[in-house]
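Structural characterization, general
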Amino acid sequence: MEKDMTIGIPRGMSFYNNYPFWYGFFSALGIKIILSDPTTKQTMSEGASLVVTETCLPIKIYLGHILNLIHKGVKNIFVPSLQSIAPKIYNCSKIRGLPDLVRNVIKADINIIEPTLDKSAKNQGLYHFLTESVKPFGITDFSKIKKASKQGWRVYNNFLVMMRSGMDYKKSMHYALSGKIFIEEQDKTKSSPINVALISHGYNMYDERATMKIFDKLEKMDVKVYTALQLTDEQLDEGIASMGQKKYWANEHEMIGAAGNYLKDNKIDGIISINAFGCGPDSLMVDRITRKAKECSKPLLVLTIDEQTGEAGFITRLEAFIDMLFRKKRSKIIDNISVAEYDYVPQTNICDNLITEKG
Ligand code: SF4
């Protein structure tokens, strides 16, 4: 029987930040990728029905995507265990134990492809991880795996270059997957009235159902959004240092690092942080971000999401926050106008002089 050379990738968790790499890597080895469909209400409710209520929303969504792949008839499903992404930098226990969780709650005849990445352990680095990812397809030739990883990095780097140039997530992903790199000319004369840093995990903010198309909504409100994916690793490290933090959590980069960086250079008017209800690491990180935002006098909106979050309440809070930022900025402009008027006083002196001369 011919080997099944397809792999199902759930649209959840690391998919949002890492998919360009996986696309380049698996495609280079002749493995066809089948993605689960974008998140819907059904994805959420089906996933949520498998675990206890307190489980965070991203995990419920992830499980819903596994079910979606099973409904599509996919047999090989990629569920990596991302333990540690750098020495002594760990992911949360749910991300680390993802394959075990899936195996325990989903009883179906599937082949879970579960490579482990653990850069804090011996011999569990990237190449070990990649080799484990393709072993079930009978691919063991290390030189081929290495070459495919280069293709993965190429696609991934193109994606990052476009993100960092200011292109939006969907377009950057689209061009990167089509093997293109395209840099949009930014209109330097056009500045957005309001600039906001959106602080969240990629799997929250880029899942259009989980965060209710927040990017489109903010764009319609004339708000320019900055995220962690627009920053380099060095900038994120500087952001963490500026918050007086030491890295421990893998996702500290995209939360603390991004918040610290955007607060540091004062280019934003406010911060919106979106967190999953029941997320332990987020509650610690948001606490730190809240204190720093206060120190920097930057308004902060914290939105907590779960599968019950209604769009109406979400939008109302978002609109009220943006409205407040607009009012704050407007009053700053008015304050500046009064300073300008004050500077105008010398003209009066000229008149006074004229009067004196005449007199
Ligand atoms: S970091 Fe938080 S949101 Fe992400 S999987 Fe862990 S508990 Fe869930």
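A few points on the structure. (Residues numbered from 1 in each chain as written. Predicted model: local features only at pLDDT ≥ 70, side-chain atom pairs only at ≥ 80, totals over all residues.)

Here we look at the overall build of the protein chain
Quick note on the threshold: The numbering of helices and of strands both runs from the N terminus, where a helix is a DSSP run of H or I of at least 4 residues and a strand a run of E of at least 2. Each residue is classed by its C-beta neighbour count within 10 Å, where at least 20 other C-beta atoms makes it buried, 12 or fewer makes it exposed, and intermediate counts make it partly exposed; the C-beta atoms are placed from backbone geometry. Contact between two residues is assigned when their C-beta atoms, built from the backbone, lie within 7 Å.
Within the protein chain, the secondary structure is distributed over 15 helices and 11 strands. Across the 359 residues in the protein chain, those meeting the buried criterion constitute 38%. Here the analysis covers contacts within the protein chain between residues at least 6 apart in sequence; of these, 69% occur between residues at least 24 apart.

Here we look at the nonpolar core
Cut-off, in case you're wondering: Think of a nonpolar core as buried Ala, Val, Leu, Ile, Met, Phe, Trp, Tyr and Cys residues chained together by C-beta atoms that fall within 7 Å. For the purposes of this description, domain bounds are those given by an automatic or database domain assignment.
Within the largest apolar cluster, 82 residues are counted, with the highest numbers of intra-cluster contacts made by Val196, Ala197, Ile199, Ala258, Ala259, Ile271 and Ile289. Both domain 1 (6–161) and domain 2 (187–341) contribute no fewer than three residues apiece to this core.

What about the site of the ligand?
To keep it simple, the criterion reads: As used in this record, a residue near a molecule or strand is one whose C-beta atom, placed from the backbone, is within 6 Å of it. By the convention adopted, Pro, Cys, Tyr, Trp, Phe, Met, Ile, Leu, Val and Ala count as nonpolar, Lys, Arg, Asp and Glu as charged, and the other residues, Gly among them, as polar.
Around the ligand sit 13 residues in total, of which Cys56, Cys92, Lys94, Ala276 and Cys279 are the nearest. The element best represented in the shell around the ligand is helix α13 (residues 280–295), accounting for three residues. Taken together, the residues of the shell around the ligand break down into eight nonpolar, three polar and two charged. Among the domains, domain 1 (6–161) and domain 2 (187–341) are the pair contributing at least three residues each to the shell around the ligand.

Topic: the pairing of strand β1 (residues 6–9)
Test applied: Here a strand pair is declared whenever DSSP counts at least two bridges between the two strands. Place the viewer so that the strands point away; then a crossover is right-handed whenever the path from the first strand over the helix to the second strand goes clockwise.
Pairing analysis gives four bridges linking β1 to strand β2 (residues 32–35), with the strands arranged parallel. Bridging from a neighbouring strand, Ile7 pairs with Ile33 of β2. Once you follow β1 into helix α1 (residues 15–28) and on to β2, the crossover reads as right-handed.

Examining the sheet that holds strand β8 (residues 194–199)
Let me state the cut-off plainly: The angle between two axes is taken between their N-to-C directions and runs from 0 to 180 degrees, where each axis is a line fitted to C-alpha atoms and a helix contributes only its stretch in contact.
Strands sit in the order β9-β8-β10-β11 across an open sheet of four strands; the sheet is parallel. Sheet topology places β9 (223–226) and β11 (300–305) at the edges, where each strand pairs with a single neighbour. Going from strand to strand, the sheet's axes swing by 25° on average, the running direction of each strand aside. Across six bridges, strand β10 (residues 270–276) lies against β11 in parallel orientation.

Focus: the environment of Ile181
Its location among the elements puts Ile181 in the loop between α8 (169–177) and β8. On the basis of neighbour counts, which here come to 16 C-beta atoms within 10 Å, the residue Ile181 falls in the partly exposed class. Here Ile181 is in contact with Asn158, Val161, Met162 and Tyr175, once residues within four sequence places are set aside.

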